[in-house]
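Observations on chain architecture
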Amino acid sequence: MTDRVPSPDFSYAGETLCAERLPLPDVAAEVGTPFYCYSLAGLTRSYRALEAALTGLPATVCYALKANSNQAVIAAFAQLGAGADVVSGGELRRALAAGIPAGRIVFSGVGKTRDEIALALRSGIRQINVESEAELDLVSAAAAGAGVTARVSLRINPDVDARTHDKISTGRKQDKFGIAIGRTLPAYARAADLPNLAPAGLAMHIGSQLLDVAPYRAAFGRLAEQVRVLRAAGHEVKSLDLGGGVGITYRDETPPRFEDYAAVVRETVGGLGCELVFEPGRSLVGNAGILVARVLYVKDGGIRPIAVVDAAMNDLARPAMYDAYHAIVPAIRPQKSQDWVEMDVVGPICESGDTFAVARRLPPLAPGDLVAFGSAGAYGSVMSSAYNSRPPAPEVMVSGERFAVVRARQTADDLIRQESVPDWLGSA
């Protein structure tokens, strides 16, 4: 089986891999490698598909910036009508700067600081998703100090296994996120009693890259039961934030269709009369982006060839962090498939973990050849670093036959300028 990029927005025109209608070698010639490339058509298609699936529901779609927080990506969703799910003060500032209305922003996250909460209150965002009873006290105090009333939702941990990678599961007992489901009623009652708080409802997010709707059905069912418990106790519950997590295809997975996900929503919580908030991230951007790299060397590994490319784990961390699979395809389609061989694909960083693929079936590669890593639009550039003093890869957005650099390539000098040597250490 050979790799393919699981997106219609990155396909071959003749023998050349294109982003929409733009040949990727042309982009590489202008901006250099490695670089991330996003398709505006892909972003739009995924958002519209989710929007259509939710038709008839009182839904607000809040794009989860943690998946990809490039300003152009956020702005594209803002123009489509999306809100934002943010998990830091920095993401909140990004959302506002990209044109997301404050009233369509929800602030999630298990470790909000006093300053971040104050920023959220000053900005007038839709709601703060509170993840502990101690956080309730802090939000109440901050709101009282600012002379405002904070709309909050309680994020509940339903103790449901999302059946995804252990490091991206968030809804099991002892996962760090949310308030234990058994504490829902006393925590909500406390929120109602504290000054300057207006509890609006409940929130939940059980994990990322879900490939089955069964965990959603279980989690949303438990959430619905908590709504009934709260209402029976005399509390008003107006809003449910259902999180995100719908998976994408990286290799040969068959993720749930948005329609199947929406059907579970209707079945479990659709009749509760609540406003519904959704926080999609990966499902909107994952397959709308790729990472393009150039082959530096091909060496004999003793067992099979090793292709060394100019992208590295500082650019795309997922394979090193999660053993994640990303399709790898050549920018120029080979003429013959019988010559393809198994090889390893690695980056230049001084870590054995800087390996993108082991024994991957690929065409013969030579120094200078371009390759593309598929499904890199989510948790790619946003997780990048400057490890080994390697400036992160720039980002490009394509629309039809045009493109723009939406994050410029840094240089080593740019990295050095961020630092200083104290006077008492002496001069270089």
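Let us look at the structure shown here. (Residues numbered from 1 in each chain as written. Predicted model: local features only at pLDDT ≥ 70, side-chain atom pairs only at ≥ 80, totals over all residues. Heavy atoms only, no water.)

Regarding the packing of helix H7 (residues 184–193) against helix H8 (residues 214–232)
Contact pair H7 / H8: the axes reach a minimum separation of 10 Å and the direction vectors enclose 50°. For the element pair H7 / H8, the angle class is oblique. For H7 against H8, the interelement crossing comes out right-handed. In contact with Thr-184, Leu-185 and Tyr-188 of H7, H8 contributes Gln-226, Val-229 and Leu-230. In terms of residue class, the contact of H7 with H8 is built from 4 nonpolar, 2 polar and no charged. (Axes fitted to C-alpha atoms, helices over the stretch in contact; angles between N-to-C directions. Helix = DSSP H or I, 4+ residues; strand = E, 2+ residues; numbered from the N terminus. Parallel < 35°, antiparallel > 145°, perpendicular 65-115°, else oblique. Left-handed = near helix turned anticlockwise from the far one by under 90°. Contact = heavy atoms within 4.5 Å. Nonpolar A, V, L, I, M, F, W, Y, C, P; charged D, E, K, R; others polar.)

With respect to the packing of helix H2 (residues 40–53) against helix H9 (residues 258–268)
One can describe the packing of H2 onto H9 by two numbers: an axis separation of 9 Å at closest approach and a directional angle of 35°. H9 is crossed by H2, and the crossing has right-handed handedness. Contacts between H2 and H9 involve Ser-46, Ala-49, Leu-50 and Ala-53 on the former and, on the latter, Phe-258, Glu-259, Ala-262 and Arg-266. Taken together, the residues of the contact of H2 with H9 sort by class into 5 nonpolar, 1 polar and 2 charged.

As for the state of the cysteines
In the structure shown here, the tally under the stated rule is 0 disulfides. Unpaired in this structure, Cys-18 has its nearest cysteine sulfur neighbour in Cys-37, at a distance of 10 Å. On the basis of relative accessible area, Cys-18 is assigned to the buried category, the value being 4%. (Disulfide = S-S within 2.5 Å. Buried < 20%, exposed > 50% of the residue type's maximum accessible area, 1.4 Å probe, protein only.)

Notes on the pairing of strand S20 (residues 395–399)
The buried count for S20 comes to 4 of 5 residues, which makes it a mostly enclosed element. Taken together, S20 and the strand that follows it, strand S21 (residues 402–407), pair antiparallel across an intervening segment of 2 residues, in which Gly-400 is found at a positive phi of about 65°. (Pairing = 2+ DSSP bridges.)

Structural notes on the side chain of Lys-112
As for its placement among the helices and strands, Lys-112 is situated in the loop between strand S7 (105–107) and helix H5 (114–123). You can call Lys-112 buried: its relative accessible area is 9%. A distance of 2.7 Å separates the side chain of Lys-112 from the backbone oxygen of Gly-109, its partner in a polar contact. In this structure the side chain of Lys-112 is engaged in a polar contact, spanning 2.7 Å, whose partner is the backbone oxygen of Asn-129. In this structure Lys-112 touches Phe-107, Ile-117, Ile-128, Asn-129, Val-130, Glu-131, Glu-135 and Leu-138, once residues within four positions along its chain are discounted. (Polar contact = N/O pair within 3.5 Å; in protein donor to acceptor, adjacent residues only side chain to side chain.)

What to know about the sheet that holds strand S3 (residues 22–23)
Reading across from one edge, S1-S2-S3 is the order of the 3 strands in this open sheet, with antiparallel pairing throughout. Bordering the open sheet on either side are strand S1 (10–13) and S3, each of which pairs with just one other strand. Note that strand S2 (residues 16–19) and S3 share 2 bridges and pair antiparallel. Bridge pairing links Cys-18 to Pro-23 in S3.

Considering H7
Among all positions in H7, only Thr-184, Ala-187, Tyr-188 and Ala-191 are buried. Within H7, the buried residues cover an arc of 100° as seen down the axis, which keeps them to one side. Looking at the packing, one finds that the buried side of H7 touches helix H6 (133–146), strand S9 (150–157), strand S10 (179–180), strand S11 (197–203) and H8. (Arc of directions from axis to C-beta.)

What about the environment of Glu-15?
Position of Glu-15 among the secondary structure elements: in the loop between S1 and S2. Overall, Glu-15 belongs to the partly exposed group, its relative accessible area being 33%. For the pair Glu-15 and Ile-332, spaced 317 residues apart in sequence, the C-alpha separation works out to 5.5 Å. Dropping the residues within four chain positions of it, Glu-15 is found in contact with Ala-331, Ile-332, Arg-333 and Gln-335.

Considerations on the environment of Thr-60
On the secondary structure map, Thr-60 appears in strand S5 (residues 59–64). With residues up to four places along the chain from it excluded, the contact list for Thr-60 reads Arg-104, Arg-126, Leu-276, Val-277 and Phe-278.

Here's the deal with the pattern of salt bridges
Tallying each qualifying case throughout the model produces 19 salt bridges. The residue Glu-275 makes a salt bridge to Arg-126 at a minimum N-O spacing of 3.0 Å. In this pair, Glu-275 is assigned in strand S13 (residues 275–278) and Arg-126 in the loop between H5 and strand S8 (127–130), connecting sequence segments 149 residues apart. A residue is classified by how much of its surface remains accessible, and Glu-275, at 36% relative accessible area, is partly exposed. The class for Arg-126 is buried, based on a relative accessible area of 15%. A salt bridge links Asp-137 to Arg-190; the nearest nitrogen and oxygen atoms lie 2.5 Å apart. (Salt bridge = Lys/Arg side-chain N within 4 Å of Asp/Glu carboxyl O.)

Looking at the side chain of Asn-314
By the element assignment, Asn-314 lies in the loop between strand S15 (305–309) and helix H11 (318–322). Engagement of the side chain of Asn-314 in a polar contact is seen with the side chain of Arg-390, the distance being 2.9 Å. If near-sequence neighbours (up to four positions away) are discounted, Asn-314 is found in contact with Ile-349, Ser-384, Ser-385, Tyr-387, Arg-390, Pro-391 and Pro-392.

Honestly, that's just the spatial picture; any functional story needs more than this.
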